[in-house]
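Chain by chain, the residues:
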Amino acid sequence: MEKENLKILAQHLANPQGEKGIEVGEMMHATNIGMTLESIKTLLIEDDETVLEIGHGNAAHVKSILSKAQNVKYTGIDISETMHNEAKRLNKECKNQAEFVLYEGEKLPFEDRTFDKIFTVNTVYFWKEPIEYLNEIYRVLKDNGTFVLTFGQRDFMEKLPFTQYDFTLYNTDEMEETVSKSHFKRMKISEKEEEVKSKTGNETITRNYTVLTIKK
């Protein structure tokens, strides 16, 4: 893919817009679903819990979150108006249990200690101030809550041609160090790999990724 197309793809991966954004949202859902389901499993969702997802994309996976336990309440937050609208469209029948919030990307528009569980998949590359943002997540997480942070490892991500445009990449140690500078006190690290189709073509690639389970 030539440079201009890669740049456009990178912009849509960060903030999908319009018709092309809807396509990219579908592609992201398909390529990220393994990481997303692994993150949901790691949360250990229980009855009556409140779950926040940061950067929900098209949110085609929300039903699998709501099916994990009884009376789960899901909130998804995203900076993309296109994904916000897609998520609402794809989850019409869940509206009693799922709500979607559009926001500017830095301050989480919730009260302190609102959520039992928080997770985010493949968004950390776009955080402008990672430590401050982690402290925002800490603020809205209940004291005994769990935050799951999932991301592709630097060595893998560097091989993808679009990540040279406005992506900040981390290996596990770098992310662990970043988290340790925030208010969070404890974390458990799990490194995974999976076979996925590449975002720029049909070839299969081995993705190495990290799931951090983080607590206060």
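Residues numbered from 1 in each chain as written. Predicted model: local features only at pLDDT ≥ 70, side-chain atom pairs only at ≥ 80, totals over all residues. Heavy atoms only, no water.

- Labelled according to an unreviewed UniProt entry, the protein appears under the name Class I SAM-dependent methyltransferase, originating from Chryseobacterium camelliae.

Concerning helix α4 (residues 81–90)
- For α4, the complete set of buried residues consists of T82, M83, H84, E86 and A87.
- Structurally, α4 contributes buried residues whose contacts are with α2 (18–43), β2 (73–78) and β3 (98–102). (Buried < 20%, exposed > 50% of the residue type's maximum accessible area, 1.4 Å probe, protein only. Helix = DSSP H or I, 4+ residues; strand = E, 2+ residues; numbered from the N terminus. Contact = heavy atoms within 4.5 Å.)

Quick look at the sheet that holds strand β1 (residues 50–54)
- Strands sit in the order β3-β2-β1-β4-β5-β7-β6 across an open sheet of seven strands; the sheet is mixed. The open sheet terminates on both sides in strands that have one partner only, identified here as β3 and β6 (186–197). Across this sheet, the average inter-strand angle for adjacent strands is 20°, counted without regard to direction.
- Taken together, the twelve bridges between β6 and strand β7 (residues 204–215) define a ladder with antiparallel strand orientation. Paired with E194 across the strands is R207, a residue of β7.
- The sheet contacts of α4 involve β2 and β3, and relative to β3 the element is tilted by about 165°.
- Across the sheet, helix α5 (residues 130–140) is in contact with β1, β4 (115–121) and β5 (141–152); its angle to β5 comes to roughly 140°. (Pairing = 2+ DSSP bridges. Axes fitted to C-alpha atoms, helices over the stretch in contact; angles between N-to-C directions.)

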